[in-house]
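Fold and contact review
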Amino acid sequence: MNKVVSEKEFEINYYEVDFKKQLLIISLMNYFDDVATKQSEDIGGGLDYMRNKGIAWVLYKWDITIKRYPMFRERIKVRTSSYSLKKFYGYRTFEVFDKNNDVICSANSVWLLIDINKRRAKRITEDIYKMYGLTEKDNKPLIIENVRLPEKFDFERHFDVRYSDIDTNNHVNNVKYVDWAIETVPIDIVLNYSLENLNITYKKEAVYGENVKSSTKVQKTDCGYIGLHKISDNSDKELCVIKTVWKNKKKC
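We now turn to the structure provided with this report. (Residues numbered from 1 in each chain as written. Predicted model: local features only at pLDDT ≥ 70, side-chain atom pairs only at ≥ 80, totals over all residues. Heavy atoms only, no water.)

Below, the discussion takes up a nonpolar patch on the surface. Taken together, the side chains of F19, I187 and L191 define a hydrophobic patch exposed on the protein surface, amounting to about 320 Å² of accessible area. Checked against the element boundaries, L191 lands in helix α5 (residues 187–192). Taking the relative accessible area as the measure of exposure, L191 reaches 37% and is therefore partly exposed. (Patch = residues over 30% accessible without salt bridge, like charges linked within 9 Å, V, L, I, M, F, W, Y side chains within 5 Å. Areas by Shrake-Rupley, 256 points an atom, 1.4 Å probe, with all protein chains shown as cover. Salt bridge = Lys/Arg side-chain N within 4 Å of Asp/Glu carboxyl O. Helix = DSSP H or I, 4+ residues; strand = E, 2+ residues; numbered from the N terminus. Buried < 20%, exposed > 50% of the residue type's maximum accessible area, 1.4 Å probe, protein only.)

Next up, the structure:
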């Protein structure tokens, strides 16, 4: 049985870039979500299938590495495949190719299958294995390290969850947490350094109308900075923890 591999081409739009005319990290993550959803829809395991079964895939972890950001009007190809499935977890990989077929971005991810009515993990069924071209022998996990948070943070901002932040599962889209984290990074770092790696763990859902707090600590390195981020609710319960790595390519 062959793993299902899916691809989609994108042209970088003006509204997806920053002041350097390079793709925003949140736009890249939206591409990843888009091509993963496309694959599920194409093989019959999309949104309607999931809703009828009363199940949903919930993102648990990301490990994203950017070698080079695509630029405005550049055409790229995003490829994804289901790496493995084990008990309640799905492991998925992503690659981004430029016109020369060089890999410029890559990502590993971990997803949790849940029963949307009971709000708890649900064991992956045989039909899901078949859809993605996998068997129960394809069960090797992708290991993404846990983020260790500091005791104190340097910067803090509050955000209200808006209607536009909500996804088809009726909770905050995974990309928004990264958006909130970056908003608490000092602007001179954002402007002068390149975000090259993100390690993300999602712990609890946020929903419409909530107020969330984004807390960040930055640590200087030889090549730039490391950001440690916590997104929490009004009770200070962790919703998401993130580690970002920022580098100055002129120095390193």
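So, about helix α4 (residues 174–182). Burial analysis of α4 places 8 of its 9 residues in the buried class, which makes it a mostly covered element. The set of residues buried in α4 consists of N174, V175, K176, Y177, V178, W180, A181 and I182. In this structure N173 caps α4, since a side-chain oxygen of it lies 2.9 Å from the backbone nitrogen of V175. (Polar contact = N/O pair within 3.5 Å; in protein donor to acceptor, adjacent residues only side chain to side chain.)

In this section: the nonpolar core. In terms of nonpolar packing, the biggest core is built from 61 residues, with I25, W62 and I64 touching the most fellow members. With 7 residues, the single largest contributor to this core is helix α1 (residues 25–42). (Core = buried A, V, L, I, M, F, W, Y, C linked by side-chain atoms within 4.5 Å.)

All right, on to the environment of I66 then. Residue position: I66 is located in strand β2 (residues 55–66). Remark: the alpha-carbon pair of I66 and L28, spanning 38 residues in sequence, is separated by 9.8 Å. In contact with I66, not counting residues within four places along its chain, are I25, L28, I104, C105, L195, E196 and L198. (Contact = heavy atoms within 4.5 Å.)

Checked against the element boundaries, S84 lands in strand β3 (residues 75–86). Given a relative accessible area of 1%, S84 falls into the buried group. A polar side-chain atom of S84 sits 2.5 Å from the main-chain carbonyl oxygen of K140. If we skip the residues at most four places from it in the chain, S84 touches Y89, G90, Y91, L134, D138, N139, K140 and P141.

With that settled, consider unusual backbone geometry. The backbone of R73 shows a phi angle near 75°, a positive value even though the residue is not glycine. Tracing the backbone shows R73 in the loop between β2 and β3. Judged by its relative accessible area of 58%, R73 falls in the exposed class. Look at R119: it is not a glycine, yet its phi comes out positive at around 55°. Secondary-structure assignment places R119 in the loop between β5 (103–115) and β6 (120–121).

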